[in-house]
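Close look at the chain arrangement
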Amino acid sequence: MIYTVKDFLNDLVGNYDQEKNNSEIDNILSNRNQPDQIYNDIKACAEGGLEYTPLKAPKIKKFVPYIWDKEKFLYSYYQEKYISNKRKQKYLIKMQMAEKEMSFRNVKPTSLSKELTHLDYKIIRLVHPTELLDYDGTDSALEKCKWLTFWMKKNQTLENLVFEETSRNRKTIKYFIEVALELDKLQNYNSMQCIIDGLRKNNLDTDDFNALSGLVAKTKDYFAIRKLITEKMKNNELFVCPLNVIQKSLLELNANVASQTAANNFCDVIQFFIGLQQGFYKMEKSNKIEHFLYHKLVVAMNIKSHMKVSKMTKKELGSFFLFL
């Protein structure tokens, strides 16, 4: 039987007067010949809307893990183990801790930036070479390019997540600026750009803008980021190229097959993918933070945001860079 507070009072007191205040009701209940333990158990169940079993503690709702469709988003390490491992309870507890007990407040910017880089690296390694040839920006091409499309969706979701988190709590603006700075150190320009784009949707104060200005200058336009990429490739450095630069290079080649510049840019894209296929990011990894991040992204992906995007003005930002 599911008890409500009203049912509980009716059972113990009878037809009580709803006009009576809580103290009067408590006085009535305390004078009844009801064993304290049973009384407390029933009351706890009634107030929590739980099922009461005599002489037993109130039942607590069991945690149900959120196992999303792997076609929509990658599984975290915990989910992979939960699905394939016999010791499900162990990973059930780990998932519960990551989903219910963690927030951006207790995840260090350095740790989050590393998990974002691991995620980008994982997606890039899944991109099939034929996708680079098939992509032309059309809907039919997107259906063929499974992992490029997935990467686009992940980037858009990350941007939306940053905007929604900072809109709810402006204190997180400084947090995500720190994450962007850490991503710059890791040379993950893809996730860095997503976070900057999410922050751009807020009205930034002078201090926040100044903290971002150095990063914005690096990626303020296509030619700036192309120059940066060329330098990294010459030095054989491991980095994550922004997805929109890859898309533009692929579209340019499709539109100008005879163009030497477009061909060179396409070769750079191929070289970038080969470099990451063969390279390895030597960073520590946290399975707990990974699950927290994946869960946040999947929830953001499934919930349509109704927040109004505030339009920024040059006067508010003090620079035109963020409009490029």
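Residues numbered from 1 in each chain as written. Predicted model: local features only at pLDDT ≥ 70, side-chain atom pairs only at ≥ 80, totals over all residues. Heavy atoms only, no water.

Looking at an unreviewed UniProt entry, the chain carries the name Ras-GEF domain-containing protein, with the source organism given as Edhazardia aedis.

For the rest of this paragraph, the subject is the packing of aromatic side chains. Scanning all chains against the criterion turns up 12 aromatic pairs. Aromatic side chains Tyr 78 and Tyr 91 sit 6.3 Å apart centroid to centroid with 50° between the ring planes, which places their arrangement in the tilted category. A residue pair is termed long-range when its members are at least 10 positions apart, and Tyr 78 in helix H4 (residues 77–84) and Tyr 91 in helix H5 (residues 88–100) qualify at 13 residues. This pair shows no difference in class: Tyr 78 is buried, exactly as Tyr 91 is. The ring centre of Tyr 82 lies 4.8 Å from the NZ or CZ of Lys 88, which sits over that ring. (Phe/Tyr/Trp six-rings, centres within 6.5 Å; stacked < 30°, edge-to-face > 60°. Helix = DSSP H or I, 4+ residues; strand = E, 2+ residues; numbered from the N terminus. Buried < 20%, exposed > 50% of the residue type's maximum accessible area, 1.4 Å probe, protein only. Lys NZ or Arg CZ within 6 Å of the ring centre and 35° of its normal.)

Right, let's talk about the packing of helix H6 (residues 109–126) against helix H16 (residues 287–302) for a bit. Contact geometry of H6 with H16 gives a least axis separation of 10 Å together with a crossing angle of 70°. Here H6 is positioned roughly perpendicular relative to H16, judged by the angle of their axes. Contacts between H6 and H16 involve Ser 111, Leu 112, Glu 115, Leu 116, Leu 119 and Lys 122 on the former and, on the latter, Ile 289, Glu 290, Leu 293, Tyr 294 and Leu 297. (Axes fitted to C-alpha atoms, helices over the stretch in contact; angles between N-to-C directions. Parallel < 35°, antiparallel > 145°, perpendicular 65-115°, else oblique. Contact = heavy atoms within 4.5 Å.)

The next point concerns empty space enclosed by the protein. Enumeration over the complete set of coordinates arrives at two cavities of 30 Å³ or more. Along the walls of the largest cavity sit Arg 226, Ile 229, Met 233, Cys 241, Val 245, Ile 246, Asn 265, Asp 268, Val 269 and Phe 272, which together make up its complete lining. Looking at the lining of the largest cavity, the elements with two or more residues in it are helix H13 (222–234), helix H14 (243–255) and helix H15 (260–278). In terms of residue count, the dominant contributor to the lining of the largest cavity is H15 (four residues). Taken together, the residues of the lining of the largest cavity sort by class into seven nonpolar, one polar and two charged. (1 Å grid on protein atoms, 1.4 Å probe; cavity = no way out; pocket = protein on both sides within 12 Å on 5 of 7 lines; lining within 4 Å. Points joined across faces, edges and corners; volume = space filled by probe spheres on them. Nonpolar A, V, L, I, M, F, W, Y, C, P; charged D, E, K, R; others polar.)

We now examine the nonpolar core. Core analysis: the largest hydrophobic core is formed by 69 residues, its most contacted members being Leu 112, Leu 148, Trp 151, Phe 176, Ile 195, Phe 272 and Phe 273. The dominant element in this core, judged by the number of residues it contributes, is helix H9 (residues 146–168), at eight residues. (Core = buried A, V, L, I, M, F, W, Y, C linked by side-chain atoms within 4.5 Å.)

At Gln 187, a position not held by glycine, the phi torsion is positive, near 60°. Residue classification places Gln 187 among the buried residues on the basis of a relative accessible area of 13%.

Packed helix pairs are specified by the crossing angle of their axes together with the interaxial distance, meaning the distance between the axes. Between H6 and H9, the least distance of the axes is 9 Å, while the angle of their chain directions is 160°. Judged by the angle between their axes, H6 and H9 are roughly antiparallel. Between H6 and H9 the crossing geometry is left-handed. Seen from H6, the contacting residues are Leu 116, Leu 119, Asp 120, Ile 123, Ile 124 and Leu 126; seen from H9, they are Trp 147, Phe 150, Trp 151, Lys 154, Asn 155 and Leu 158. Its residues assigned to classes, the contact of H6 with H9 shows nine nonpolar, one polar and two charged. (Left-handed = near helix turned anticlockwise from the far one by under 90°.)

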